[in-house]
Amino acid sequence: MMLQYFQRLASVTEARISKYPHQPNARKKFALEIAKLGIRLYSGEHRVAWCGVVAPFDVLSAMNVTSCFVEFVGAMLASTGTVGMFLEESEHAGFAADTCGYHRAVLGAAMKGMMPVPDIMIATTCPCSGGLAAMENLARTFKKELFVLDVPSSDTSESVRYLADQYKNMMRFVSDRIGGSIDEDRLRESIVKSNRARELMIEVYRLAQHVPSPANGQSLANFGIVMALFLGTDAGIEIAQAYKDEYEEMIRNGKSGVPDEKIRLLWLQNRIQFKHPLIRLLEEEYQAAIVIDELNDITWDAIDPDDPFTSIARRTITTPLNGKISQRLDHIQRLSKLYKVDGAVNPCHWGCRQGTGARGLIQAGLKEVGVPVVNLEVDCVDTRNFAEGQLRTRLEAFMEMLRSNPTAHGA
Amino acid sequence: MYYLGVDLGSLSCDAVLLDHDGGVLASSVVLTGARNREAIAKATDAVLRLAGITEDQIRATVSTGYGRDRVEKRLAAVTEITCHARGIKSLFGGAQILIDIGGQDSKAVRLDPNGQVIDFAMNDKCAAGTGRFLEAMARALQVDIEELADLDLGASGNVTLSSMCTVFAESEVVSLIADGVEVREIVSGLNRAIASRIVALVRRVAPMSNGLSIAMSGGVAHNSGVVRALSQAFETAISVPPKPDTVGALGAALIAREKYARQS
């Protein structure tokens, strides 16, 4: 089912890009590469690694392994509208219905044989313990040994060295399972491509800060977190270049992502992955643009091709998703100022203890920089718990509040 | 010239009709039931009849409530948070906190001196402590919902409910009755449990609510027992208008009048 879905997505998207080559198509190119990644994962013709969110995908790419974080599958199942049966499958097996929908969906998919059996499994202790538990469950289901990257929470030279050494062990772990030795030239080439994509992504984020923004409610959804999967590849460079070109042209022509942009929003944590009318409501009724997602504009220093593991370890350790909430809060406050946001939307992904547990701190932190927050109660994957009317009321009241009182404090 | 506000809620559909100067001419409350449009027509017909005017004399209508998009011939649809805030401000000009407990949700709204919403919080994904909750408890106690209002009088307050889940709380109430606990003690426990949830909601918009002026709207404000429990919890009097369930419709009608004036 998933292979056919990705194949159809690829062909439809390719046809659209060919038919309208001069229309803005960065998002379509992004979708096309996602479809191609899905095909590689499900075709049975490639070495596959199921990973945690902050695995070094550019390194795995250099080893010719198609790698992906498992939450991607949960998001894809949600976007196809079929996630319910997989959630039920995991719940029937005893997983609590109020835990993270991404992980329940993935576990259900594995139980139903809808996840390809991987060659390699690499878990990460960041960003959440739920993800690690899901990976351990999957490893048992697939009868695979699990390699765990233990990501330290503090940015010290000892921590960086500790994680960098684990990457070397990880490469040996991968190499032992797929055969062959590590190709240093291939790794260097991957790092060069990863750095180029990074430079372009920084440019894309800089352009999105423009007032009015070339970003609308959807164009950069899932961008930063999924782009990690394309680091080290030509596809990653091409996607980022397409966004940069498109945004530059829009700004040059005085176009904004949302016509007559009136409200600029920061979207916290995850997007709602299934089809829903809330983004269109924001755009059409309130001329509100989501100019930045918390999971975008997470940047890092360029990777040193001569010492890649140290640089990659720093990249991972310094991600705002790692360590104390204050690190995440600093990131969110920085984005709020840079992107000149009027308000923030926090979906509080229901099963995510990290997301819901930090809700009060985040609301207080954004209040400090004058940014009001509306909290939604939604599982970003579980369509069965989507109370559209309730969420509409919260969002619309928030928009009314922002429109009538620009100095409002929170919601 | 007349202005109409219609609040289509989950339990009741309310309408308020204003005259040219913003004075209230008539108000109505009907059960929403399963047919939204019938409820809207009934509530509207009632205020037209009471005021002795015809529909074509209405210059502007603003709708609110969960079914706000189902009201035809509306100038605008505005959320109940904004409408209740606008309505309560016209009734209690000094209100700084508004508590609105309706049929299926509860809200705490922080108001600025001009009556603008500067913060709000709503119940999380659960209808505990709302009108539906009280309906279920009245059913468990085998009393009419209106009777709940004074059933707590004289209670010592020594019964605490351990669950606010509507289903579990109903079971708990049945168990307490079976154990011979006095009805007034059970009702007092229910009211205090609702108040406790509302206090938490208000803290989200006003961490220090001491000294702030609090008003209440929504159908549950008819329940004087809940209002008493809230007053005790906040250690201050709660201002309740005579027709708390029509505050949203009143706010909608006031907004209709303002919007029409701006457009003309």
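- As recorded by an unreviewed UniProt entry, chain B carries the name 2-hydroxyglutaryl-CoA dehydratase and is attributed to Desulfomonile tiedjei.

- Chain A is annotated in an unreviewed UniProt entry as 2-hydroxyacyl-CoA dehydratase of Desulfomonile tiedjei.
- If you open the UniProt record of chain A and go to Sequence similarities (unreviewed entry), you find "Belongs to the FldB/FldC dehydratase alpha/beta subunit family."

**What about the overall build of chain A?**
Part 1 of the argument: Of regular secondary structure, chain A possesses 17 helices and eight strands.
Part 2 of the argument: Against the globule reference of 22 Å for 411 residues, chain A gives a C-alpha radius of gyration of 21 Å, in line with a compact fold.
Part 3 of the argument: Referenced to the eigenvectors of the C-alpha coordinate spread, the extents of chain A come out at roughly 65 × 50 × 50 Å.
Part 4 of the argument: Here chain A holds 411 residues, and the buried ones make up 59% of them.
Part 5 of the argument: Within chain A, contacts between residues at least 6 apart in sequence are counted, and of these 77% link residues at least 24 apart.
Part 6 of the argument: Accessible surface for chain A amounts to roughly 16,300 Å². Of this, 49% is attributable to carbon and sulfur atoms.
Part 7 of the argument: Separation between the mean location of the 46 positive side-chain charges and that of the 50 negative ones in chain A comes to 3 Å.

**Considering the interface of chain B and chain A**
Part 1 of the argument: Facing 21 residues of chain B, the contacting portion of chain A comprises 21 residues.
Part 2 of the argument: Carbon and sulfur atoms make up 45% of the surface buried where chain B meets chain A, a total of about 1,800 Å² over both sides.
Part 3 of the argument: Summed over the shared surface of chain B and chain A, the result is two salt bridges.
Part 4 of the argument: Among the salt bridges present, the one from R392 of chain A reaches D69 of chain B, with a minimum N-O distance of 3.1 Å.
Part 5 of the argument: Joining chain B to chain A, the criterion identifies seven residue pairs in polar contact (both at pLDDT 80 or more).
Part 6 of the argument: Breaking the side of chain B that touches chain A down by element, the ones donating at least two residues are α2 (80-91) and β8 (117-122) of chain B.
Part 7 of the argument: Looking at the side of chain B that touches chain A element by element, the count peaks at five residues for β8 of chain B.
Part 8 of the argument: Residue composition of the side of chain B that touches chain A, by class: seven nonpolar, five polar and nine charged.

**Considerations on the sheet that holds strand β5 (residues 263-267) of chain A**
Residues and elements named next belong to chain A.
Part 1 of the argument: In space, the four strands of this open sheet follow the order β6-β5-β7-β8, with parallel pairing throughout. Each of the sheet's edge strands pairs with one partner strand only, and the pair in question is β6 (288-293) and β8 (373-375). Here the average twist between neighbouring strands, direction ignored, is 30 degrees.
Part 2 of the argument: Summarising the sheet, β5 and strand β7 (residues 343-346) pair through three bridges and their orientation is parallel.

**What to know about the packing of aromatic side chains**
Part 1 of the argument: For the structure shown, the criterion picks out 13 aromatic pairs over all chains.
Part 2 of the argument: Centre to centre, the rings of F223 of chain A and Y243 of chain A are 4.8 Å apart; their planes meet at 65 degrees, and the pair counts as edge-to-face. Within this pair, whereas F223 of chain A is found in helix α10 (residues 223-227), its partner Y243 of chain A is found in helix α11 (residues 234-252), the two being separated by 20 residues in sequence.
Part 3 of the argument: Under the relative-accessibility criterion, Y243 of chain A is labelled buried at 1%.
Part 4 of the argument: Consider the rings of Y3 of chain B and Y260 of chain B, whose centres lie 5.8 Å apart with planes at 55 degrees: the pair is tilted. You can see Y3 of chain B sitting in strand β1 (residues 2-8) and its partner Y260 of chain B sitting in helix α7 (residues 247-263), a full 257 residues away along the chain.
Part 5 of the argument: Among the aromatic residues, ring-to-ring pairing joins F30, Y205, F223, Y243 and Y247 of chain A into one connected group.
Part 6 of the argument: Positioned over the ring face of F173 of chain A is R177 of chain A, at 3.7 Å from the centre of the ring.
Part 7 of the argument: Here R271 of chain A stacks its cationic end above the ring of W267 of chain A, 5.4 Å away from the centre of that ring.

The rules behind each value
- Residues numbered from 1 in each chain as written.
- Chains lettered and ligands numbered in written order.
- Predicted model: local features only at pLDDT ≥ 70, side-chain atom pairs only at ≥ 80, totals over all residues.
- Heavy atoms only, no water.
- UniProt positions renumbered as here; feature names shortened; annotations may be inferred.
- Helix = DSSP H or I, 4+ residues; strand = E, 2+ residues; numbered from the N terminus.
- Rg over C-alpha atoms; globule rule 2.2 N^0.38 Å.
- Buried < 20%, exposed > 50% of the residue type's maximum accessible area, 1.4 Å probe, protein only.
- Contact = heavy atoms within 4.5 Å.
- Areas by Shrake-Rupley, 256 points an atom, 1.4 Å probe, with all protein chains shown as cover.
- Lys, Arg positive; Asp, Glu negative; His and termini not counted.
- Charge placed at Lys NZ, Arg CZ, Asp CG, Glu CD.
- Buried area = accessible area lost by both parts, 1.4 Å probe.
- Salt bridge = Lys/Arg side-chain N within 4 Å of Asp/Glu carboxyl O.
- Polar contact = N/O pair within 3.5 Å; in protein donor to acceptor, adjacent residues only side chain to side chain.
- Nonpolar A, V, L, I, M, F, W, Y, C, P; charged D, E, K, R; others polar.
- Pairing = 2+ DSSP bridges.
- Axes fitted to C-alpha atoms, helices over the stretch in contact; angles between N-to-C directions.
- Phe/Tyr/Trp six-rings, centres within 6.5 Å; stacked < 30°, edge-to-face > 60°.
- Lys NZ or Arg CZ within 6 Å of the ring centre and 35° of its normal.

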